[in-house]
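# Working through the structure, step by step
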Amino acid sequence: MDKLTEGKAWKNLQRLSKQFKQKDFRLTEMFNDENRFDSFSITHEELLLDFSKNLISPAGLNALIELAEERQLSTAISAMFAGEKINYSEERAALHTALRIPEKENPHVEIVDCLQKMEAMVNSIHSGARKGHSGKPITDIVNIGIGGSDLGPSMVCDALLEFATNDVNLHFVSNVDPAHLNRRLKDLSPDTTLFVVASKSFTTLETLQNAQAAKTWLQTSTRSTEGLGNHFIAISSNIAAAKEFGLEEANILPMWDWVGGRFSLWSAIGLPIALLIGMKKFRELLAGAHSMDAHFQSAKLHENVPVLMALLSVWYRGFFDCHSSAIVPYSQYLQQFPAYAQQLYMESLGKSVDVHNQALRTNSAEILWGTAGTSGQHSYFQLLHQGTEFVPIDFVAFI
């Protein structure tokens with residue numbers, strides 16, 4: 001394949017971007033076309049992507065689609081869903097989409113088995129059947145993880161708090177600074193607290209250090225190691241290490257090589273979500289994600305929500321020297337979404353070489369940041385409106 005910057009579409013995009021850099025350009029002029037919103041918006045089920053306020057013309061959009069076709073994007077999408085090893089550096093598949101296939105249709109028996117095991121755990125905690133060492137039911141869950149093992153489930157639990165189906169309290173600990181765990185444990189009882197240790201490798205330093213501190217907290221209170229297994233669940237692909245820590249295999253949920261941490265909230269890493277909203281609603285969450293997977297896999301490039309959002313990022317980073325972009329949700333429930341998206345985006349695109357291990361000849365990704373919208377309006381919006389930095393923004397809102 002030719003170098004990215006040497007293709008016809010790339011050079012065409014360089015030319016087309018110049019119209020937006022003229023001093024007398026005004027975005028409002030683009031709306032002289034009364035059909036602009038219809039031409040630059042897409043709906044998928046109850047989601048609306050309005051990209052009509054972007055610095056893009058019909059010719060520019062066509063050139064971006066042409067770039068995607070030159071780079072054989074459709075072939076790459078098919079390869080991902082087929083489970084091919086598209087993670088070239090580690091020779092692994094990136095098959096997190098399989099986690100979201102409905103159970104009756106899912107060919108991956110291990111995923112179905114995992115969901116059923118999760119359901120049994122959730123039901124035993126919600127019903128009070130699962131008890132701590134002193135015989136009292138579990139009332140508090142502390143998720144110990146970092147990165148994708150914390151950001152994903154924490155974000156979703158915050159977003160779906162109003163959908164809680166029980167009185168179990170959820171807490172999240174990620175920072176290796178002891179203050180984080182100590183603050184969470186301050187008002188909890190060792191008799192009724194369950195720890196979920198989420199670590200794909202079960203070697204993550206911060207997670208293991210916090211897990212050991214939690215174990216010590218329990219042992220100090222009970223003055224015994226008996227019954228401590230009732231207070232721990234592990235989610236890991238390293239069964240041996242989890243057992244060495246002291247867990248019984250019945251209390252270990254699986255992870256797989258083909259699930260990257262930043263995509264793992266849809267796996268057993270989502271156990272805290274299921275504990276909050278119940279397995280029925282957790283399956284509804286999976287179904288919503290599967291619906292977008294199906295759209296991404298089958299929709300034409302110019303009607304494809306994820307593809308168009310990605311191409312706009314290429315447009316701004318490649319041709320406008322965009323150093324950062326913001327995600328601004330106008331919902332307090334989504335206050336953690338920018339932090340989650342940071343890992344999803346910047347860990348995926350934080351590369352200096354392409355898939356063939358050749359040095360990139362253009363920029364990779366920009367820095368992603370953001371906060372809840374209303375607070376941002378009284379904080380950094382002054383710079384966005386009147387500063388000299390070019391910062392594209394995605395606004396997220398509910399109607």
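Being a predicted model, the structure only gives us computed values, none of them experimental. (Residues numbered from 1 in each chain as written. Predicted model: local features only at pLDDT ≥ 70, side-chain atom pairs only at ≥ 80, totals over all residues. Heavy atoms only, no water.)

### What about the overall build of the chain?
- In terms of regular secondary structure, the chain is built from 14 helices and 10 strands.
- Over its C-alpha trace the chain gives a radius of gyration of 23 Å, about what one expects of a compact globule, namely 21 Å for 399 residues.
- Along the first, second and third principal axes, the C-alpha set of the chain runs to 75 × 45 × 40 Å.
- Counting only residues that meet the buried cut, the chain has 46% of its 399 residues in that class.
- Of the contacts made within the chain by residues no fewer than 6 positions apart, 70% connect residues no fewer than 24 positions apart.
- With an accessible surface of roughly 20,800 Å², the chain has 52% of that area assigned to carbon and sulfur atoms.
- Placing the 34 positive and 44 negative side-chain charges of the chain at their respective mean positions leaves the two points 3 Å apart. (Helix = DSSP H or I, 4+ residues; strand = E, 2+ residues; numbered from the N terminus. Rg over C-alpha atoms; globule rule 2.2 N^0.38 Å. Buried < 20%, exposed > 50% of the residue type's maximum accessible area, 1.4 Å probe, protein only. Contact = heavy atoms within 4.5 Å. Areas by Shrake-Rupley, 256 points an atom, 1.4 Å probe, with all protein chains shown as cover. Lys, Arg positive; Asp, Glu negative; His and termini not counted. Charge placed at Lys NZ, Arg CZ, Asp CG, Glu CD.)

### Some words on the environment of Ile 233
- Mapping Ile 233 onto the fold places it in strand β6 (residues 232-236).
- Sequence-distant contacts of Ile 233, that is, excluding residues within four places in its chain, are made with Met 121, Arg 130, Leu 194, Phe 195, Val 196, Val 197, Leu 247, Asn 251, Leu 253 and Leu 271.

### As for the packing of helix α6 (residues 148-159) against helix α12 (residues 337-349)
- Packing of α6 against α12 brings their axes to within 9 Å, and their N-to-C directions diverge by 145°. As for the relative orientation of α6 and α12, their crossing is left-handed in sense. Residues Gly 148, Leu 151, Gly 152 and Met 155 of α6 pack against Phe 337, Ala 339, Tyr 340 and Gln 343 of α12.
- Its residues assigned to classes, the contact of α6 with α12 comprises five nonpolar, three polar and no charged. (Axes fitted to C-alpha atoms, helices over the stretch in contact; angles between N-to-C directions. Left-handed = near helix turned anticlockwise from the far one by under 90°. Nonpolar A, V, L, I, M, F, W, Y, C, P; charged D, E, K, R; others polar.)

### Observations concerning the pattern of salt bridges
- With the rule as written, the count across this model stands at 11 salt bridges.
- Two residues, Lys 136 and Asp 191, come together in a salt bridge whose shortest N-O distance is 3.8 Å. Pair noted here: Lys 136 is in the loop between α5 (109-127) and β3 (140-144) and Asp 191 is in the loop between α7 (178-185) and β5 (193-198), with a separation of 55 residues, a long-range link.
- A relative accessible area of 18% means that Asp 191 is categorised as buried.
- Note that Lys 280 and Glu 284 form a salt bridge whose closest N and O atoms lie 3.0 Å from each other. In this pair, Lys 280 and Glu 284 both sit in helix α10 (residues 271-298), four residues apart, roughly one turn of the helix.
- Each of Glu 90, Arg 92 and Asp 257 takes part in a single network of salt bridges with overlapping partners. (Salt bridge = Lys/Arg side-chain N within 4 Å of Asp/Glu carboxyl O.)

### Quick word on the sheet that holds β6
- Spatial ordering of the open sheet is given by β4-β3-β5-β6-β7, a layout of five strands whose pairing is parallel. Each edge of the open sheet is held by one strand with a lone partner, namely β4 (169-173) and β7 (252-254). With strand direction ignored, the average angle separating the axes of adjacent strands in the sheet is 20°.
- Bridging between β3 and β5 involves five bridges; their strand directions are parallel. (Pairing = 2+ DSSP bridges.)

### Some thoughts on the sheet that holds strand β8 (residues 324-329)
- Read from one edge of the open sheet, three strands run β9-β8-β10, paired in parallel fashion. With one partner strand each, in any of the chains shown, β9 (367-369) and β10 (393-396) form the two edges of the open sheet. In this sheet, adjacent strand axes meet at a mean angle of 15° when their direction is disregarded.
- α12 rests against β8 and β9 of the sheet, and its axis sits at about 165° to β9.

### What to know about the state of the cysteines
- With the rule as written, the count across this model stands at zero disulfides.
- Not engaged in a disulfide, the cysteine Cys 114 finds its nearest cysteine sulfur in Cys 157; these two sulfurs lie 16 Å apart.
- Note on Cys 114: relative accessible area 5%, which makes it buried. (Disulfide = S-S within 2.5 Å.)

### Re the side chain of Ser 199
- You can see Ser 199 is positioned in the loop between β5 and α8 (205-222).
- For Ser 199, the side chain forms a polar contact with the side chain of Thr 204, separated by 3.2 Å.
- In this view, Ser 199 contacts Ser 149, Thr 204, Thr 207, Ile 235, Ser 236 and Ser 237; residues no more than four positions away in its chain are not counted. (Polar contact = N/O pair within 3.5 Å; in protein donor to acceptor, adjacent residues only side chain to side chain.)

### Regarding the environment of Glu 347
- For Glu 347, the location among the structural elements is in helix α12.
- Glu 347 sits 287 residues away from Gly 60 along the chain, and the two C-alpha atoms are 28 Å apart.

### Focus on the nonpolar core
- Within the largest apolar cluster, 44 residues are counted, with the highest numbers of intra-cluster contacts made by Met 118, Ile 141, Ile 235, Leu 253, Trp 258, Leu 271 and Phe 282.
- Looking at this core, the elements with two or more residues in it are α5, α6, β5, β6 and α10.
- With 10 residues, α10 is the single largest residue contributor to this core.
- For Leu 253, the residues in contact, after removing those within four places along its chain, are Cys 114, Lys 117, Met 118, Met 121, Ile 233, Ala 234, Ile 235, Ser 236, Ala 268 and Leu 271.
- With 34 residues, the next largest nonpolar core counts Ala 9, Leu 61, Ile 77 and Leu 311 among its residues. (Core = buried A, V, L, I, M, F, W, Y, C linked by side-chain atoms within 4.5 Å.)

### A few points about the packing of helix α1 (residues 8-17) against helix α3 (residues 58-70)
- Packing of α1 against α3 leaves a shortest axis separation of 8 Å and a crossing angle of 160°. Classed by the angle they form, the pair α1 and α3 counts as roughly antiparallel. As α1 packs across α3, the resulting crossing turns out to be left-handed. For the pair α1 and α3, contact is made by Lys 8, Ala 9, Trp 10, Asn 12, Leu 13 and Leu 16 and by Ala 59, Gly 60, Ala 63, Leu 64, Glu 66, Leu 67 and Glu 70, respectively.
- Tallied by class, residues from the contact of α1 with α3 come to eight nonpolar, two polar and three charged. (Parallel < 35°, antiparallel > 145°, perpendicular 65-115°, else oblique.)

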